Amino acid sequence: MLDHFFNPSSVAVVGASQTPGKIGYDILNNVLQHGYRGAVYPINPKAKEILGRKTYADLVSVPFDIDLAVIALPAAAVMKVIEQCGRKKIDSVVIISAGFKEVGPHGARLEEELAGLAGKLGIRVVGPNCLGLIDTKSSLNASFAAGMPLGGNIGFFSQSGALCVAILDWALGENVGFSRFVSLGNKMDISETEMMLAMEQDENTRVILGYLESIEDGPPFMKAARQVAQEKPIIVIKSGTTTAGAKAASSHTGALAGSEHAYDAAFKQSGIIRAQSMQALFSYAMAFASQPLPRGARLAIITNSGGPGILAADACDRSSLHLSPIRKETADRLREFLPPTASVYNPIDIIGDASHERYEKTLSVVVQDEFIHAILILLTPTASVDPKAVAHSIVKLARDADKPIMTSFMGEKKVRAARKILQDHAIPSYDYPEDAIAALDAMLSYRRWREKPERQCRVFEADTRKVREIFASVIGQRRHDLIESEAREILRAYGFRLPESRMARTTKEALGAASEIGYPIVMKIASPDVLHKSDIGGVRVKLENEAMVEEAFFDITSNIQVRRPEARILGVMVQEMIPQGREVILGITRDLQFGPMIMFGLGGIYVEVLKDVSFRIAPLSVESADAMIHEIRSFPLLRGVRGELPADIEGIKDALVRLSQMAIDFPEIIEADINPLLVCAEGQGAVAVDARITIQE
Amino acid sequence: MVCLYVGSTRGYSGKNLTVMGLGQRFLRDGLKVGYLKPFGRLPVKMEGVLTDQDAWFIHRVLMLKDPVETLCPVVMTHDLMMEGLRGECPGLGQKILAAFDAVSKEKDVVLVGGAGKLESGTFLDISGYDIIEKLNASTLLVDDYEGEFYLDSMLDARHRLGKRLLGAIINRVDAGYLDRLQDLIVPCLEREGIPVFGLLPDDAVLGSVMIGDVVDTLVGDVLCCRNKLDGLIEHFLIGGMQVDRALEYIRKTRNNAVIVGGDRADVQLAAIEAMTQCLILTGNLYPNEIVVSRAELKGIPIVVVRADTYSVAKKVEELSRKLRLKEKEKVYYGIQLIEEKVDFQRLYETLGINV
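Anyway, here's the lowdown on the structure attached to this text. Once a new chain begins, its residue numbering starts again from 1 and follows that chain's sequence as written. Chain letters start at A and ligand numbers start at 1, both assigned in the order the entries are written. With pLDDT at 70 or above as the cut-off, local features in this predicted model cover only qualifying residues; side-chain atom pairs require 80 or more to be listed or tallied, and sums for whole chains, interfaces and linings still use all residues. Water and hydrogen atoms were dropped before computing side-chain values, which therefore reflect all heavy atoms in the structure.

## A look at the overall build of chain A
Secondary structure assignment for chain A yields 24 helices and 29 strands. Taking the principal axes of its C-alpha atoms as reference, chain A extends roughly 100 × 80 × 40 Å. Here, two residues are considered to be in contact whenever any of their heavy atoms come within 4.5 Å of each other. A separation threshold of at least 6 residues defines the contact pool for chain A, and within that pool the share at least 24 residues apart is 70%. About 29,600 Å² of surface is accessible on chain A, with carbon and sulfur atoms providing 51% of the total. Positive and negative side-chain charges of chain A, numbering 77 and 86 respectively, have mean locations separated by a distance of 3 Å. Working definition: helices are DSSP H or I runs of at least four residues, strands are E runs of at least two. Numbering for both runs from the N terminus. Note on areas: Shrake-Rupley, 1.4 Å probe, and residue coverage restricted to the protein chains presented here. Under this rule, positive means Lys or Arg and negative means Asp or Glu; His and the chain ends count for nothing. Charge positions are represented by NZ for Lys, CZ for Arg, CG for Asp and CD for Glu.

Structure (structure tokens):
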């Protein structure tokens, strides 16, 4: 896939320049300088030869086939070149040129025209406004970056060209190698979605890394990511999550940064590992690129100094890993050679006078212990230890290890050389133990995600015809908010359990309804103009007899009459009162990039004040529904505290999945809330007590 | 016994205030005064009896002694409306008559407060017109002067009420308009046989809104200075501009409240510096803690409301037009105004009352 981009047998550089320092020169130079063995055709009407290669006036003049064209001409001139590409049957083009969507509406129009033409001619495009691309296996550097990255197994794509430059330079300094290195630019044609798929198929790529500011089309991105992540880890850093960042992102490539919740949910559901900083991005990459995934959460820490060991233990505690108990056999073996003052329990402190031999012996024992899933080796440069020797020992033992081994040699001058040895042999080396733990944590989460393949979503029988009728009627009345009775019908159509309910227009009718339903009852104002009923005194609960019903009817209707004289009061809703249950809130909202999003949280202050909610993108699988529920901080309250019975979690999952189906079936729902969903004890189900639904045409 | 019906062709024009003003003066001049509001639309239960909120308030201000049951014989509850729509409530006219009989015993004047406009209540057969006829009342019409079509309404009322139309009081007269009214409109009415008993000016204090009412109507969440909710706001400003302009704008407006989005810390702080009377934050967005602390320091209440800025501005505009009778200061101020501006001598003469 996209072979002509990454492994072309011939490359044309359109806009090749004779002047060093100009982009057209730099690109050509890069193509020629780094070992590419295919044919290279510089295109420039004003030159006969550049950098020792025969130069042609235009593409059509080249008497050979061309696999890939790299264009570095002013924006206005690009259109013509694309036409020529069509004539030459060139199907892959990298457009370096800036001056398109990123500069404003004029550039956006140009880009649109270009996209139209390229599409018509069947030409795939990377860019425009990009740095170019690099493939280390085919030694192709079709970019104007300064230098060529080392070969490696990390595939990297970025929306920002300039960031690419910085990263390349950094990588060279840190000995990090790449399989592919791509700057996507404006993503006129090829986006991150296809790039991920291409890298999945590339046998030289083991880890996929990305920097994104925006995602154009959420659902295909998620689908592709899910597929790719099953095979290879995808680590992404997404910027523009804070409002300041979003403003900056919006002007950068004229894109919408998108909502944080949606991206977070999308990444979680697709198995994408999210890095919160550039530093994290690469420290994760180092680990994923070279180490096996841990089979479980049990970590062993080997250290020659107590302090760092404790810091690492703290970091471990905050992660999903935990400090492994050390089994008797291992402890005994360690005691055979460790001094009495050493600690054989985790963190394994081999104390300050340890030499590389003690490190080696300890590591050997720990590596062989199948009970332990991951190892972190800490070193402080005491007088007794030779860091380089320790590094060599680690390299030796890691060769046959079936578990990830991470290192943190703390310090700088004394450990620099040792770190280099580790890096050269693909052992992740971190400046601080916390970074190592964070990387291991990411690896564990990824493994767990991979092991839990998402099952198909359940599909429910729903009375969609009824829903369509109701929506049509509401729109026909020029409304967008459904009144309670309508919302109830919608929920009923999707199989939600609802409390028994009757409309009552007079006190007499209310009394009749109450006796039919049975006391105690709840009474709520029924008015299309009153959305937040309880705020305005429009709800009364626990009405136990006729007198209370009469009083409540008077109170509620008078209240609204006085406070909202313009509201149309249809009467009241008399409802069965559900016995003790826990209140949760479910919701639907629409994200511009990803479509319908489902929200979950515990009711009342938990959502309103503490904002303790979780999100997932619909369609929801049963696993995602489960994850959403467990994810909120107040989840333990659902499990039951102080002798309470646990809540019916299955009932909540059922409700979430039904809601998700509703969101998918009806894109006209732009917002919906089931608040509250009363969840009874385990086995007794959940009841949707009140709901609001907002639609649009 | 004189029966004086105070009504209006348009509603929300100052009837209640006029009733209170007239009542106070009558009482002071030694007359025995009775009051009822035949048809009320703000149901409330006082001392276990269903009555109208405004009627109850007036009853208390005038310190009348008649029983609560007679205050408002027909209260528009939701149930009554339903019955009315179904044609199931005959005899409302009788109830009103009975209440009137009870109240008017041994009284020199009975003030009858109209609800809404003269047509209000027609569907229940108890419109202003119906009541005036049943009670054989003299009618005083209180209206805002909103343009020349005011004349049309007045002449139409004259046509329908005939001799029962006693005269008019014109309310909320803009100072700039006073001359025109006095030179042209009043003489025109007088020529048509409609005496004008007073011109009440448009008054900033009377048009002001109590912060507590804003909180109530918009269902706001008060974040600080809860003891300042009885403050009166004369002008509402929308804080949409740049901060430096905001400061000037707010400083030079008297007794103002600033309506601004909850996330605009810059404008909020500027408003506090400029000593606004109240901050109304829209969009259900809660402000930063620093804003709340500064407001607390300066004694400025902050109210967070769910609605957007435009809806809030509209609501607040409505509020300013309706006199909420629980604002005692405004009421006494208004009564004072009536005392000053109404020609009571002429009124007494026309009514045939000797004091």
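## Here's the deal with unusual backbone geometry
All names here are of chain A. The linkage connecting Asn346 with the following residue, Pro347, adopts the cis geometry, with an omega of -5°. The step from Ala618 to Pro619 runs through a cis peptide bond, and the omega angle for that step is 5°. Mapping Pro619 onto the fold places it in the loop between strand 26 (613-617) and helix 22 (622-631). The backbone of Ser139 shows a phi angle near 55°, a positive value even though the residue is not glycine. Assignment of secondary structure puts Ser139 in the loop between strand 8 (132-135) and strand 9 (140-143).

## Observations concerning the interface of chain A and chain B
In this complex, chain A contributes 20 residues to the contact, which on the side of chain B involves 19 residues. N or O atoms closer than or at 3.5 Å make up a polar contact, with two conditions inside protein: a donor-capable atom paired with an acceptor-capable one, and, for residues adjacent in sequence, both atoms drawn from side chains. Linking chain A to chain B there are six residue pairs in polar contact (both at pLDDT 80 or more). Mapped by element, the contributors of at least two residues to the side of chain A that touches chain B are helix 19 (507-517) and helix 20 (546-563) of chain A. Top element by residues in the side of chain A that touches chain B is helix 20 of chain A. It accounts for seven residues. Classes in brief: Ala, Val, Leu, Ile, Met, Phe, Trp, Tyr, Cys and Pro nonpolar; Asp, Glu, Lys and Arg charged; the others, Gly included, polar. Partitioning the side of chain A that touches chain B into residue classes produces seven nonpolar, seven polar and six charged.

## Looking at the sheet that holds strand 17 (residues 302-304) of chain B
All names here are of chain B. On the basis of which strands lie adjacent, the open sheet formed by five strands has the order 12-17-16-15-14 and mixed pairing. The open sheet terminates on both sides in strands that have one partner only, identified here as strand 12 (221-224) and strand 14 (235-238). When strand polarity is set aside, the average angle formed by the axes of neighbouring strands in this sheet is 25°. Where strand 15 (residues 256-261) meets strand 16 (residues 278-282), five bridges bridge the pair, whose relative direction is parallel. Within the sheet, the bridge partner assigned to Ala257 lies in strand 16 and is Cys278. The sheet strands contacting helix 12 (residues 289-298) are strand 12, strand 16 and strand 17, and the helix crosses strand 12 at an angle near 70°. Here, a strand pair is defined by DSSP locating no fewer than two bridges between the strands. As a rule, the C-alpha atoms of each element are fitted with a line to give its axis, helices using only the stretch in contact, and angles between N-to-C directions run from 0 to 180 degrees.

## Some details on the environment of Ala76 of chain A
Structurally, Ala76 of chain A can be placed in helix 3 (residues 75-87). On a C-alpha basis, the gap between Ala76 of chain A and Gly107 of chain A in space is 9.4 Å, while along the polypeptide they are 31 residues apart.

## Remarks on the sheet that holds strand 5 (residues 68-71) of chain A
Residues and elements named next belong to chain A. The strand order 2-1-5-6-7 describes an open sheet built from five strands, whose pairing is parallel. In this open sheet, the two edge strands, each paired with only one partner strand, are strand 2 (39-43) and strand 7 (124-126). Here the strands of the sheet are splayed against their neighbours by 20° on average, with no regard to which way each runs. As paired strands, strand 1 (residues 10-14) and strand 5 are joined by four bridges and run parallel to one another. Bridge pairing in strand 5 places Ala12 opposite Ala69.

## So, the pattern of salt bridges
All names here are of chain A. Salt bridges are identified by distance alone: a Lys or Arg side-chain nitrogen within 4 Å of an Asp or Glu carboxyl oxygen. The tally for this structure, following the rule as stated, stands at 52 salt bridges over all chains. Between Arg295 and Asp402 there is a salt bridge, with its nearest N and O atoms 3.1 Å apart. With Arg295 in the loop between helix 10 (278-290) and strand 15 (298-303) and Asp402 in the loop between helix 14 (387-398) and strand 19 (405-409), the pair connects residues that are 107 residues apart, well separated along the chain. To sort residues, take the accessible area from a 1.4 Å probe on protein chains only and compare it with the maximum for the residue type: under 20% means buried, over 50% means exposed, and anything in between is partly exposed. For Arg295, a relative accessible area of 48% gives the class partly exposed.

## Observations regarding the pairing of strand 15 of chain B
All names here are of chain B. Counting buried positions over the six residues of strand 15 gives six, a clear majority of the element. Burial of strand 15 is two-sided: the residues Asn256, Val258 and Val260 facing one way and the residues Ala257, Ile259 and Gly261 facing the other way are all buried. When strand 14 meets strand 15, the two strands line up parallel, connected through four bridges. Within strand 15, the position partnered with Leu237 by the bridge is Val258. When the strands point away from the viewer and the connection leading from the first strand across the helix to the second strand turns clockwise, the crossover is called right-handed. Remark: the strand 14/helix 10 (residues 243-251)/strand 15 crossover connection has right-handed handedness. Taken together, strand 15, helix 11 (residues 265-273) and strand 16 constitute a β-α-β crossover, and its handedness is right-handed.

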